[in-house]
Amino acid sequence: TAPVLPSWRLTDLRPTPDDIVGDTLAGLSATPKRLPSKYFYDARGSQLFERITRQPEYYVTRVELELLEQRLPEIAQTIGADVHVVEYGSGSGRKTRLLLDALTRPVAYTPVEISRTTVIESTARLAEEFPRIEMLPVCADFTKPVPLPEPLHDAQRTLVFFPGSTLGNFSDEGAVELLAAMRETMGPNGQALVGIDLDKDPSLVEAAYNDAAGVTAAFTLNLLTRLNREIGSDFDLDGFRHRAVYARDRGRIETDLVSLRAQTVHVAGRAFEFEADESMRVEISCKYEDAPFAELAARAGLRVIDGWNDSRNWFGLRLLQP
Ligand code: AVJ
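Caption draft 1: Spatial organisation of the overall build of the protein chain. The number of helices and strands found in the protein chain is nine helices and 14 strands. Relative to the 2.2 N^0.38 estimate, which gives 20 Å for 322 residues, the radius of gyration of the protein chain is 20 Å and therefore close to what a compact globule would have. With the C-alpha coordinates of the protein chain rotated into their principal frame, the extents come out at 60 × 50 × 35 Å. Every one of the 322 residues in the protein chain was classed for burial, and the buried ones make up 51%. Sequence separation of 24 or more characterises 72% of the internal contacts of the protein chain that already satisfy a separation of 6 or more. Within the structure as shown, the protein chain displays about 15200 Å² of accessible surface, and the carbon and sulfur contribution to it stands at 49%.

See the structure below:
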């Protein structure tokens, strides 16, 4: 039998590799200490995140999927036909499938991912399911403007799809920078469909980030396991605990690793002292209100032109354009 060749090729924009040692040293040298949440997603971290999305307390993914299932016909009408879909990050592909099924004649699909292997794997899966959509995967850092490959068939517009409330893991300054880069990427006639988690009863939010089965705690602590393996640090996994608190005044979940005792951690030949009870910030997850979100978009030169929430106003999709 003839070998099956892929009908697509990767555009590799060679994103600058992560400086995991430098970032860790910088975070541990800061006061208060911090570590970047982008390092959560090694193979085990991605697996644990998938498990989080199936926990009964973690409403985020479930509610967004329901919202997409219910409202995508309308959303697709608003967006119009013949779009080039550009997705930031690639998850399980469930949301992508729903979007591509709902849109009228999507002409091309571009997943943008910093991980070469992840973007190749998710493109291969979707290419089989959508043989009529041109696959134009790009390996790049989506926090910077991404020069897009040109589809064979002209698109009416570029639609950036950024679901999952991943935007919420950025500070306001970081989110504005990312949205401004997104505006560059989509171009003057482009649009973006962005998923955002909304402000709600703090007990619901805190339960989602402190699930009873302890999956989120394992996800948080896996960051230390990863650092120990990849950069040879000596974090004691029994020396820290996960803590996630909804700082409602700041509109965000703040996740810390709390040192259970006074201890010393070594990284790349340097020693870092932790006091008992000292906390190290490892993630924020913003829960937005309408006005502040619109203000954030405006700072990036984007307008919120439409929006859809689930019936309880727990999660929202926002359509943005320059
Ligand atoms: C990656 C944005 C969907 O902030 O809710 C889940 C990551 N962290 N539980 C979120 C996460 C802890 C998550 N998102």
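What follows picks up the thread again.
Caption draft 2: Structural context of the nonpolar core. In terms of nonpolar packing, the biggest core is built from 60 residues, with Leu35, Leu193, Phe235, Phe240 and Met280 touching the most fellow members. It is helix 3 (residues 59–79) that provides the largest number of residues to this core, a total of nine residues. Leave out the neighbours within four places in its chain, and leucine 35 touches Thr24, Leu28, Leu223, Leu224, Leu227, Phe235, Met280, Arg281 and Val282. Counting residues in hydrophobic clusters, the runner-up holds 29 residues, among them Phe142, Val146, Val194 and Tyr288.

Caption draft 3: Highlighting the site of the ligand. Taken together, 13 residues are adjacent to the ligand, and Tyr58, Asn169, Tyr209, Glu283 and Ser285 come closest. Interatomic distance of 3.0 Å between a side-chain N/O atom of asparagine 169 and an oxygen atom of the ligand. For the ligand, an oxygen atom lies 2.6 Å from a polar atom in the side chain of serine 285. Here the ligand loses 95% of its free accessible area of 350 Å² to cover by the protein chains. At the level of secondary structure, the elements contributing two or more residues to the shell around the ligand comprise helix 2 (43–52), helix 8 (215–231) and strand 12 (279–286). Of the residues in the shell around the ligand, the class split is six nonpolar, six polar and one charged.

Caption draft 4: Region of interest: helix 3. Where helix 3 bends most, the angle comes to about 65°, and this point is arginine 71, followed within four residues by the proline proline 73. Glycine 80 occupies a position one or two residues after helix 3 and carries a positive phi of about 95°.

Caption draft 5: Summary view of the pattern of salt bridges. On inspection of all chains with the given rule, the structure shows 22 salt bridges. Across the salt bridge formed by aspartate 199 and arginine 248, the nearest N and O atoms sit 2.9 Å from each other. Taken together, the residues span a long stretch of sequence, with aspartate 199 in the loop between strand 7 (191–197) and helix 7 (202–208) and arginine 248 in the loop between strand 8 (240–247) and strand 9 (252–259) at a distance of 49 residues. Classification of aspartate 199 as partly exposed rests on a relative accessible area of 22%. Shared partners join several salt bridges into a network, and the residues in it are Arg243, Arg250, Arg252, Glu254, Asp256 and Arg281.

Caption draft 6: Structural view of the packing of aromatic side chains. Here the structure, examined in full by the defined rule, presents 14 aromatic pairs. Centre to centre, the rings of tyrosine 88 and phenylalanine 142 are 4.8 Å apart; their planes meet at 10°, and the pair counts as stacked. Of this pair, tyrosine 88 sits in strand 2 (residues 83–88) while phenylalanine 142 sits in the loop between strand 5 (138–139) and strand 6 (157–162), placing them 54 residues apart in sequence. Classification of tyrosine 88 as buried rests on a relative accessible area of 3%. Geometrically, the ring pair formed by phenylalanine 142 and phenylalanine 162 is edge-to-face, given 5.4 Å between the ring centres and 70° between the ring planes. Here phenylalanine 162 lies in strand 6 and phenylalanine 142 lies in the loop between strand 5 and strand 6, a separation of 20 residues in the sequence. Neither phenylalanine 142 nor phenylalanine 162 differs from the other in exposure class; each is buried. Chaining the aromatic ring pairs together yields one cluster made of Phe40, Tyr41, Phe49, Tyr58, Tyr209 and Phe219. When the ring centre of tryptophan 314 is taken as reference, the NZ or CZ atom of arginine 312 above it lies at 3.9 Å.

Caption draft 7: How the structure looks around the environment of serine 29. Tracing the sequence through the fold places serine 29 in helix 1 (residues 20–29). C-alpha separation for the pair serine 29 and leucine 204, spaced 175 residues apart in sequence, amounts to 34 Å. Apart from residues no more than four positions distant in its own chain, serine 29 is found in contact with Arg270 and Phe272. Polar side-chain contacts of serine 29 include one of 3.3 Å to the side chain of arginine 270.

Caption draft 8: Broad picture of the packing of helix 1 against helix 8. Put simply, helix 1 and helix 8 touch, their axes get as near as 11 Å, and they point 125° apart. As judged from the angle between their axes, helix 1 and helix 8 are oblique. Helix 8 is crossed by helix 1, and the crossing has left-handed handedness. Between helix 1 and helix 8, the residues in contact are Ile20, Val21 and Thr24 and Arg226, Leu227, Glu230 and Ile231, respectively. Residues that form the contact of helix 1 with helix 8 fall into these classes: four nonpolar, one polar and two charged.

Rules behind the numbers
Residues numbered from 1 in each chain as written. Predicted model: local features only at pLDDT ≥ 70, side-chain atom pairs only at ≥ 80, totals over all residues. Heavy atoms only, no water. Helix = DSSP H or I, 4+ residues; strand = E, 2+ residues; numbered from the N terminus. Rg over C-alpha atoms; globule rule 2.2 N^0.38 Å. Buried < 20%, exposed > 50% of the residue type's maximum accessible area, 1.4 Å probe, protein only. Contact = heavy atoms within 4.5 Å. Areas by Shrake-Rupley, 256 points an atom, 1.4 Å probe, with all protein chains shown as cover. Core = buried A, V, L, I, M, F, W, Y, C linked by side-chain atoms within 4.5 Å. Near = heavy atom within 4 Å. Polar contact = N/O pair within 3.5 Å; in protein donor to acceptor, adjacent residues only side chain to side chain. Nonpolar A, V, L, I, M, F, W, Y, C, P; charged D, E, K, R; others polar. Bend = angle between axes of the 7 residues up to and from the residue. Salt bridge = Lys/Arg side-chain N within 4 Å of Asp/Glu carboxyl O. Phe/Tyr/Trp six-rings, centres within 6.5 Å; stacked < 30°, edge-to-face > 60°. Lys NZ or Arg CZ within 6 Å of the ring centre and 35° of its normal. Axes fitted to C-alpha atoms, helices over the stretch in contact; angles between N-to-C directions. Parallel < 35°, antiparallel > 145°, perpendicular 65-115°, else oblique. Left-handed = near helix turned anticlockwise from the far one by under 90°.

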